[in-house]
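One-letter residues, chain by chain:
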Amino acid sequence: MELMYKSTRSNETATASEAILKGLASDGGLFVPVTLPKLSVDIDELKGMSYQEVAYLVMKEFLTDFTEEELKSCIAKAYDSKFDTEEIAPIVKADGAYYLELFHGATIAFKDMALSILPHLLTTSAKKNNVKNEIVILTATSGDTGKAALAGFADVENTRIVVFYPKGGVSPIQEKQMVTQKGANTHVVGIKGNFDQAQSGVKAIFGNKELEKELDAAGFQFSSANSINIGRLVPQVVYYVYSYAKLLAEGEIEKGEKINVVVPTGNFGNILAAYYAKNMGLPIAKLICASNDNKVLYDFFETGSYDKNREFILTTSPSMDILISSNLERLIYKIAGCDDVKNKELMTALVTEGKYEITEDMKAELKDFYGNYATEAETADIIKAIYGDTGYIIDTHTAVAAKVYKKYKEATKDETKSVIASTASPFKFTRSVMNAIDPKYDAMGDFELVDELSKIGNVAVPNAIEEIRTAPVLHDTVVEVDEMTDAVKKFLGL
Ligand SMILES: *Cc1c(COP(=O)(O)O)cnc(C)c1O
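Per-chain numbering applies: the sequence of each chain, read as written, is numbered from 1 onward. pLDDT decides what is reported in this predicted model: residues at 70 or higher carry local features, side-chain atom pairs at 80 or more are listed and counted, and totals for whole chains, interfaces and linings draw on all residues regardless. Here the side-chain values reflect all heavy atoms present in the structure, with hydrogen atoms and water set aside.

### Focus on the overall build of the protein
Only runs of H or I of at least four residues qualify as helices and only runs of E of at least two qualify as strands under DSSP, and these elements are numbered from the N terminus. Along its length, the protein carries 21 helices and 16 strands. Note on method: radius of gyration uses C-alpha positions; expected globular size equals 2.2 Å times residues raised to 0.38. For the protein, whose C-alpha radius of gyration is 22 Å, the value lies close to the compact-globule estimate of 23 Å for 494 residues. When its C-alpha atoms are laid out on the principal axes, the protein stretches across 60 × 55 × 45 Å. Contacts in the protein between residues far apart in sequence, at least 24 positions, make up 74% of those at least 6 positions apart. A total accessible area of about 19,800 Å² is found for the protein, and carbon and sulfur atoms account for 49% of it. We score Asp and Glu as negative and Lys and Arg as positive, and we do not count His or the chain ends. The location of each charge is read from NZ of Lys, CZ of Arg, CG of Asp or CD of Glu. For the protein, the distance from the average position of its 53 positive side-chain charges to the average position of its 71 negative side-chain charges is 1 Å. Pairs of residues are marked as contacts when any of their non-hydrogen atoms sit within 4.5 Å. The Shrake-Rupley method, run with a 1.4 Å probe, gives the accessible areas here. Residue values count only the displayed protein chains as cover.

### Quick word on the nonpolar core
In plain words, nonpolar cores are sets of buried Ala, Val, Leu, Ile, Met, Phe, Trp, Tyr and Cys residues tied together by side-chain atoms within 4.5 Å. Buried residues are those whose accessible area, probed at 1.4 Å on protein chains only, stays under 20% of the maximum for their type, while exposed residues exceed 50% and partly exposed ones sit between those limits. Core analysis: the largest hydrophobic core is formed by 110 residues, its most contacted members being Tyr5, Phe62, Leu63, Tyr240, Phe268, Ile332 and Tyr356. At 13 residues, the largest contribution of residues to this core is made by helix α10 (residues 230-249). By size, the runner-up hydrophobic cluster in this structure holds 41 residues, among which are Ile108, Ile382, Val404 and Ile420.

### A word on the pattern of salt bridges
Just to be clear on terms, a salt bridge is a Lys or Arg side-chain nitrogen sitting within 4 Å of an Asp or Glu carboxyl oxygen. In the structure shown here, the tally under the stated rule is 30 salt bridges. One salt bridge in this structure joins Arg9 and Glu329, with 2.8 Å as the shortest N-O distance. One end of the pair, Arg9, is in the loop between β1 (5-7) and β2 (13-14); the other, Glu329, is in helix α13 (residues 328-335), and 320 residues separate them in sequence. Sharing partners across several salt bridges, the network here consists of Glu87, Lys246 and Glu250.

### Considering helix α5 (residues 118-128)
By the criterion of burial, α5 is predominantly enclosed, with 9 of the 11 residues buried. Along α5, the positions that sit buried rather than exposed are Leu118, Pro119, His120, Leu121, Leu122, Thr123, Thr124, Ser125 and Ala126.

### Looking at the pairing of strand β11 (residues 284-291)
Buried residues dominate β11, accounting for 6 of its 8 residues. Judged from the 5 bridges that link them, strand β10 (residues 259-264) and β11 form a sheet pairing that is parallel. Counterpart to Val263 in the pairing with β11 is Cys289. With the strands pointing away from the viewer, any crossover whose connection runs clockwise from the first strand over the helix to the second is right-handed. Regarding the hand of the β-α-β motif, the stretch spanning β10, helix α11 (residues 269-279) and β11 is right-handed. Being paired, for any two strands, means DSSP has found at least two bridges between them. Two elements, β11 and strand β14 (residues 369-373), share 5 bridges in a ladder whose sense is parallel. Counterpart to Ala290 in the pairing with β14 is Asn372.

### Here we look at the site of the ligand
Any residue with a heavy atom lying within 4 Å of a molecule or strand is counted as near it. What surrounds the ligand is a group of 15 residues, the closest being Lys111, Gly266, Asn267, Asn270 and Thr423. Polar contact criterion, stated in full: a pair of N or O atoms within 3.5 Å, where within protein one must be able to donate a hydrogen and the other to accept it, and residues adjacent in sequence count only if both atoms are side-chain atoms. Separating an oxygen atom of the ligand from a side-chain N or O atom of Ser319 is a distance of 3.5 Å. Compared with its free state, where it exposes 390 Å², the ligand has 96% of that area covered by protein.

### Overview of the side chain of Asn294
Tracing the backbone shows Asn294 in the loop between β11 and α12 (296-303). Within the structure, Asn294 has its side chain in polar contact with the backbone oxygen of Ile313 (distance 2.7 Å). Once residues within four sequence positions are removed from consideration, Asn294 is found in contact with Glu311, Phe312, Ile313, Thr315, Met320, Asp321, Ile322 and Leu323.

### Observations regarding the environment of Glu134
The topology assignment puts Glu134 in strand β6 (residues 134-140). The partly exposed category is assigned to Glu134, whose relative accessible area is 21%. Considering only alpha carbons, one finds Glu134 and Ala460, 326 residues apart in sequence, at a separation of 39 Å. A polar side-chain atom of Glu134 sits 2.8 Å from a polar atom in the side chain of Arg160.

### Focus on unusual backbone geometry
Phi angles above zero are rare outside glycine, and Ile108 is one such case at about 50 degrees. Topologically, Ile108 is positioned in the loop between β5 (97-101) and α4 (111-115). Positive phi values are uncommon outside glycine, yet Asn130 reaches one of about 55 degrees. Its place among the elements puts Asn130 in the loop between α5 and β6.

### A few points about the packing of helix α2 (residues 51-62) against α10
For helices, the axis comes from a line fit to the C-alpha atoms of the stretch in contact; other axes are also lines fit to C-alpha atoms, and the angle between any two N-to-C directions lies between 0 and 180 degrees. Interaxial distance between α2 and α10 falls to 9 Å at its minimum, and their mutual angle equals 130 degrees. Classified by the angle between their axes, α2 and α10 sit oblique to one another. Read as a crossing pair, α2 and α10 show a hand that is right-handed. For the pair α2 and α10, the contacting residues are Tyr51, Val54, Ala55, Val58, Met59 and Phe62 in the first and Val234, Pro235, Val237, Val238, Tyr239, Val241 and Tyr242 in the second. In the scheme used here, Gly and all other residues not listed as nonpolar or charged are polar, with Ala, Val, Leu, Ile, Met, Phe, Trp, Tyr, Cys and Pro taken as nonpolar and Asp, Glu, Lys and Arg as charged. Residues belonging to the contact of α2 with α10 are distributed by class as follows: 13 nonpolar, no polar and no charged. Angles below 35 degrees are treated as roughly parallel, those above 145 as roughly antiparallel, those between 65 and 115 as roughly perpendicular, and all remaining angles as oblique. With the far helix as reference, a near helix turned anticlockwise by less than a right angle produces a left-handed crossing, and one turned clockwise produces a right-handed crossing.

### Examining the pairing of β5
Among the 5 residues of β5, 5 are classified as buried, and the element is accordingly described as predominantly covered. With 4 bridges connecting them, strand β4 (residues 91-94) and β5 associate as antiparallel partners. Across the sheet, Val92 pairs through a bridge with Tyr99, a residue of β5. In sequence, β4 turns back onto β5 through a hairpin of 2 residues, with Asp95 there showing a positive phi of about 55 degrees. Relative to strand β15 (residues 418-422), β5 runs parallel, the two sharing 4 bridges. For Tyr99, the partnering residue across the bridge sits in β15 and is Ile420.

### Concerning helix α14 (residues 340-352)
Think of an α-helix as turning once every 3.6 residues; residues three or four places apart then point the same way. A helix is expected to reach a length of 1.5 Å times the quantity of its residues less one. Relative to the 18 Å expected for 13 residues at 1.5 Å per residue, α14 spans 18 Å between its end C-alpha atoms, a close match to the ideal helical length. Within the span of α14, buried status applies to Asp340, Asn343, Leu346, Met347, Ala349 and Leu350. Along its buried surface, α14 packs onto β1, β12 (305-307), α13, β13 (355-357) and α15 (360-364). Measuring from the side-chain oxygen of the N-cap residue of α14 to the backbone nitrogen of Val341 gives 3.0 Å; that N-cap residue is Asp339. Of the residues trailing α14, Gly354 is marked for its positive phi of about 80 degrees.

Shape is all these values report; function is a separate question.
What follows is the structure, given as C-alpha cells:
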C-alpha cells in the first residue's frame, strides 16, 4: 500500500517523491507520513546486516513509491567510499555510553548522513514525476549545511547547486571547505551581509515568480535541500535502527532490551528521526533532548510553552544555536492528534507572538522525551573530563549531549543503556575542543591544532581536513545582498 504524506497545516497531500520534490507544502506546512510505518522484519533479523541493508529496510517503509531498484541504487551511491569507515556509522563505547559516530562522511558532521543521499532521492523523484528541468538547489548557510549540501550534490547529474554564505561570518575552516569545493555544477557565493540576509535573499529568490518562469523556459527549476525536507528526515531514521542492530549483534544488549537515545538538538530533525524509529518498533525508552544555552526546547519540555522571545546566544556548538526548531512542528502536529487546524493555530502564534502553549493533553504525549541543557562551562568541562578519563575526544555538540546525559542519570538514577548521537568530528571544531582540554592550545594556529588533536587523541586527521590544507580556491565570487538574483542567473547562463 502506498504511504501518503500530508501537510501539517492543511489537507494537502503528496506521495513521497512529490514531497521530496516540493520540500515544503504550499501552505507553509511540513509533510508528514499519514501513518508512521512499522519495520517489516523482526529486529533480531537485522543483526549483522550492513548499513546499506538496514537503510533499505527502513527507507522502503517511508518511500513506498520508489521501486526496490531505485531505492537500492540511491543507497549504493550515497553510502560508499565518501565515508571513511566501512560501517558508515561506527559505535564507540566510552564513559558508560555508546557514542554513535555520525561524522565519517565527506564533511565530518552528521548532516552528511542525509545530504549524501538526498541528491539521489531528489533526481529519482524528478524522473518519477516526469520533471524534465534540471534541479537547481539554492541554500543559504551559516557554515555546516552549505558544505554538506555542496559535497552531496557535486557532480550529481541533472542538478546544480548555489550556496550563499556571509563573507566573514563563518569560521576560516568552514570558508576554506566551501570555496575549495570541486564539481562543475557547484557555485559558492559570499555575500556582504549576515546569515539572516543570505537566508532572506534565498527566500526572496524562491518566491520570485518572474524568475521561476525565466528558469522554466531555460530548463531549470529551484529546489531546496533544507532540513525540513522529508528526504532528509527519513535517512536519519536508519542509523538509530542500525545502532540497535549493531549493539544486539555485539552482545551489548539483549533482544528486546530498551535503550535510551541522547541527541544534541537544534532544529529537532535528528531527535525526531529517533522518535520515528521508536514508532517503527525500535525498543527505545527515553528520547533525551540536549540543548546548549539556547535552551528553548528544554523550557518547552519543562513548561509546555514554546517561547522564542529571548536573547540569541552564540555558543561553541553553533549548529545548535537555534531559536526556532522547525522540525518540532511535526511532533506538535502529532501530539495535537494529527489536527492540522490546531497545529496551524500554534504555528501562527509563533509567527505573530513568538510563542505558543500546548494543552495538558498534548503535554502528556511528551512523556517519552526528557529535555535538559548544558552551559558553555559544562560543555568544556565534560570534553576535558572524558578525555582525561578515557582518552576519547568528543566535539562540542556531542559534549552538550554527554553532559545532559549525566544530568539525566543523576536526576533519574536510570541505568538503561544509552546511545549518544555524536554529531560532529572534534576536528571540525578543533579550537573549542582543544581549548576545553587545555587553554594553552589557544596560542596555536588552526592546522597546528589539527595535528596536535590527532596526536593527543591518537586519531588520524580526517580526509576532509587533510584536503583543505592545500586545496586551491575555486570560488571567489562575493556580491552585495541585492545582487544575489543576478549571481544565480549568471551561473545558469541566463
Ligand atoms: C545540525 C547539527 C545539530 C543539530 O541537529 P538538528 O537535527 O538540527 O537538531 C547538532 N550537531 C551538529 C554538529 C549539527 O551539524
